[in-house]
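# Summary of the model geometry
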Amino acid sequence: MDAIQQELLTQVAGLHEVPEGAYNIRANGEMAGRNTTANIDIITKKDRSGIDIKIKPGTKSESVHIPVVLSKSGLKESVYNDFFVGEDCDVTIIAGCGIHNSGAEASEHSGVHRFFVEKNAKVRYVEKHYGSGDGSGERVMNPTTEIHLAEGASLEMETVQIKGIDSTARVTTAKVAEGACLVIKEKIMTHGRQHAETDFTVTMEGADSSVNLISRSVAKEHSTQLFRSRIIGNASCHGHSECDAIIMDEAGVSAIPELTANHIDANLIHEAAIGKIAGEQLIKLMTLGLSEKEAEEQIVKGFLK
Amino acid sequence: MLELKNISFQAEDGGKEIEILRNINLTIEDRFVAVTGPNGSGKSTLAKIVAGILTPTEGQIFLDGVDITDKSITERARMGIGFAFQQPVRFKGITVKDMISLAAGRDTAVSEVCAILSEVGLCARDYVNREVNASLSGGELKRIEIAMIMARKTKVSIFDEPEAGIDLWSFQNLIRVFEKMHEEIKGAILIISHQERILNIADQIVLLADGRIEKMGNREEIMPALLGIGQPCKTLTEKF
């Protein structure tokens, strides 16, 4: 891998060297490295581009890294990855995609990740998106995530896009069975003329299922963002979504929440707040010796931490 | 040393200019000074003018002989003026340790943060990584606000009604913090307060009324008048 690809790997997966455990690294549409373990197998799909990740029941404290890097301008790819997580597992999955575009043509990655999480399994899924390069070609990222949580399973998804992605449409759907729990934490920052759309649909099918969806975003300069969330309660369940956005300069943010309760004991809540940085927050940090610009940076950094 | 010379402040209210402060002359040495007076007498405005949050309509402010009247909030903070807000500000994602580090102007070790928090009566380990947000009570936020001033080691520390909005237990604790500050005084402490127990700690008390200094002196001179012992305080009796 060249230096640019190494930097992208560091940004999206925190990798400075080959990771421990199972991994599959994809660079410019090709496999750049793979390792499997006794408990985690990675198999190339035969019918389309992508991989199946199969994690044996009872696997604990293991991780899978599956980062993707694109450094060739004009490359467009769609990748389909399926995760089969066995019963009673406790694993961490680190995904992420980095695009470096120094050319004039658009580079685009569309990744479809499907999670089949069996009974009582526990998954932490981290997905980071990052763009770099000074070319005029757009960096486009369209991740689709489909989650199926079986009885008593849990998945915590952390999705982060902090820099360099010109356009993104992020679609996440989930079905949550009895006693299962889904937590999604999203952080997005857009600047320039970037546009980001996120669309979450979570259906709680089983009794005592729950979802907690937290989105924090910052829109700077002329960028725009659209946040949509739908939580559907078909059983006795708890659903909470929270969308907090800081708007700066000439940016625009829309939040469209939707709650649907189809059961008398479905308990659903949505909170949304969009606004500029509060003047009192800036003044407080200025009384600690920060300039207005430093105060603004500190507030944004903390908000997206 | 902080000097206020002929400070006046006017604000617009419903299209009319209202005089909030008029010809305030005050010299604050390295002592514990309490500013008190009825609601609306201009106490908080005076504190904000010293911190640079408000700009006086007239007059000058000197810190150690340097005219700071035109200095920004940031410049004054860097020159050694600290300000604890009456209503502490909340931040999403910024932890207590982050705030203490920002106040100190450097990355502070957990042990150092714990030591400062313990001084203001917070069980430190429980708070270090807490966000300075709505999950903290008013009393906890007040004490963190004071901890920030302690971490800054400022030349002039201003506290705007530290007792406002806190419960009795937190108030008792607050008194102990200020008593300790008074014992170990370094620089000037300017405290805006209505509370007798805080006024009793002060070396000097300034009584504001209708935007003017009504009385000024040491606590033995001022407290009897404020409490109605001996000569009643005309200003306060008229007000209430």
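Below: a short report on this structure. Everything quoted here is computed from the prediction, not taken from an experiment.

Criteria and cut-off values
Residues numbered from 1 in each chain as written. Chains lettered and ligands numbered in written order. Predicted model: local features only at pLDDT ≥ 70, side-chain atom pairs only at ≥ 80, totals over all residues. Helix = DSSP H or I, 4+ residues; strand = E, 2+ residues; numbered from the N terminus. Rg over C-alpha atoms; globule rule 2.2 N^0.38 Å. Buried ≥ 20, exposed ≤ 12 C-beta atoms within 10 Å, placed from the backbone. Contact = placed C-beta atoms within 7 Å. Nonpolar A, V, L, I, M, F, W, Y, C, P; charged D, E, K, R; others polar. Core = buried A, V, L, I, M, F, W, Y, C linked by C-beta atoms within 7 Å. Axes fitted to C-alpha atoms, helices over the stretch in contact; angles between N-to-C directions. Parallel < 35°, antiparallel > 145°, perpendicular 65-115°, else oblique. Left-handed = near helix turned anticlockwise from the far one by under 90°. Pairing = 2+ DSSP bridges.

Looking only at helices and strands, chain A features three helices and 22 strands. Relative to its length of 305 residues, chain A is compact, with a C-alpha radius of gyration of 20 Å against a globular reference of 19 Å. For chain A, the spread of C-alpha atoms along the three principal axes comes to 55 × 55 × 35 Å. Burial analysis of chain A (305 residues in total) assigns 43% to the buried set. Nonlocal contacts in chain A, meaning residues at least 24 apart in sequence, comprise 80% of its contacts between residues at least 6 apart.

When you go through chain B residue by residue, the secondary structure sums to nine helices and 10 strands. Whereas a compact globule of 240 residues would reach a radius of gyration of roughly 18 Å, chain B reaches 18 Å, a difference of no more than 12%. When the 240 residues of chain B are sorted by exposure, 43% land in the buried category. Across chain B, every contact between residues at least 6 apart in sequence was considered, and the portion connecting residues at least 24 apart equals 66%.

We now examine the interface of chain B and chain A. Counting from both sides, the interface comprises 18 residues of chain B and, opposite them, 18 residues of chain A. Element by element, the count of residues in the side of chain B that touches chain A is highest for helix α2 (residues 73–79) of chain B, at four residues. Partitioned by chemical class, the residues of the side of chain B that touches chain A number 12 nonpolar, three polar and three charged.

Turning our attention to the nonpolar core. Core analysis: the largest hydrophobic core is formed by 91 residues, its most contacted members being V33, V50, A147, I158 and L190 of chain B. Broken down by element, this core gets its largest block of residues, eight residues, from helix α5 (residues 138–152) of chain B. In this structure, V50 of chain B is in contact with L2, I61, I81, I158 and L190 of chain B, ignoring residues within four places of it in sequence. Ranked by size, the runner-up nonpolar core spans 57 residues in total, among them I51, V85, I147 and A177 of chain A.

A separate point is the packing of helix α2 (residues 279–286) of chain A against helix α3 (residues 292–303) of chain A. All names here are of chain A. Packing of α2 against α3 leaves a shortest axis separation of 9 Å and a crossing angle of 115°. Taken together, α2 and α3 sit at an angle that is classed as roughly perpendicular. Considering how the two elements wind past one another, α2 and α3 form a crossing that is right-handed. Taken together, the residues of α3 that come into contact with α2 (itself represented by Q281, L282, L285 and M286) are E292, A295, E296, Q298 and I299. The residue inventory of the contact of α2 with α3, partitioned by class, reads five nonpolar, two polar and two charged.

Time to look at the sheet that holds strand β6 (residues 81–84) of chain B. Residues and elements named next belong to chain B. Taken together, the six strands give an open sheet; going across it, the order is β6-β7-β8-β3-β9-β10, and neighbouring strands pair in mixed fashion. Each edge of the open sheet is held by one strand with a lone partner, namely β6 and β10 (212–218). Across the sheet, the mean angle from the axis of one strand to that of its neighbour is 15°, orientation sign disregarded. As judged from the four bridges shared by strand β3 (residues 32–36) and strand β9 (residues 204–209), these two strands associate in the parallel manner. Paired with A34 across the bridge in β9 is I205. Those strands touched by α5 are β6 and β7 (156–160), and its axis lies near 170° from that of β6.

Successive residues of a regular strand alternate their side chains across the two faces of the sheet. All names here are of chain B. Pairing geometry for strand β1 (residues 2–13) and strand β4 (residues 58–63), over five bridges, is antiparallel. When the bridges of β4 are listed, L4 appears paired with I61. Of the pairings in the sheet, the one linking β4 to strand β5 (residues 66–67) comprises two bridges and is antiparallel in character. Bridge pairing links F62 to D67 in β5.

All right, on to the packing of helix α4 (residues 110–119) of chain B against α5 of chain B then. All names here are of chain B. Remark: α4 packs on α5, axes separated minimally by 9 Å, with the N-to-C direction vectors making an angle of 125°. Classified by the interaxial angle, the pair formed by α4 and α5 is oblique. Here the hand of the crossing between α4 and α5 comes out right-handed. Between α4, through I116, L117 and E119, and α5, the contact on the second element is made entirely by A147, M150 and A151.

The subject of this paragraph is the environment of E242 of chain A. All names here are of chain A. By the secondary structure assignment, E242 is in strand β20 (residues 237–247). Its 17 C-beta neighbours within 10 Å are what place E242 among the partly exposed residues. Residues E242 and S215, 27 residues apart in the sequence, show an inter-C-alpha distance of 6.1 Å. Once residues lying within four places of it in the same chain are set aside, the contact partners of E242 are I214, S215 and E271.

All names here are of chain B. Residue placement: K215 occurs in strand β10. Looking at K215, the number of C-beta atoms within 10 Å reads 18, which means it is partly exposed. Along the chain, K215 and A225 lie 10 residues apart, while their C-alpha atoms are 9.7 Å from each other. Ignoring sequence-local partners within four residues, the contact set of K215 consists of L207, I222 and A225.

Residue and element names in this part refer to chain A. Following the sequence through the fold, I40 ends up in strand β3 (residues 40–44). The exposure class assigned to I40 is buried, which follows from the 22 C-beta atoms found within 10 Å. Expressed as a C-alpha distance, the spacing of I40 and G21, which sit 19 residues apart in the sequence, is 8.5 Å. Beyond its immediate stretch of four places on either side in the chain, I40 contacts A22, I53, I55, T59, E62 and V64.

Below, the discussion takes up the pairing of strand β17 (residues 195–204) of chain A. Residues and elements named next belong to chain A. By the bridge criterion, 10 bridges tie strand β15 (residues 167–176) to β17 in an arrangement that is parallel. Residue pairing in the sheet places A169 in a bridge with E197 of β17. Bridge count for β17 against strand β19 (residues 224–233) is 10 bridges, and the pairing is parallel. Bridging from a neighbouring strand, T198 pairs with F227 of β19.

As a further point, take the sheet that holds β1 of chain B. All names here are of chain B. Pairing is antiparallel across the open sheet formed by four strands, whose spatial order is β2-β1-β4-β5. Looking at strand neighbours, the two that pair on one side only are β2 (16–28) and β5, the edges of this open sheet. When β1 meets β2, the two strands line up antiparallel, connected through nine bridges. Note that in β2 the partner of L4 across the bridge is L26.

By themselves, these figures tell us nothing about what the structure is for.
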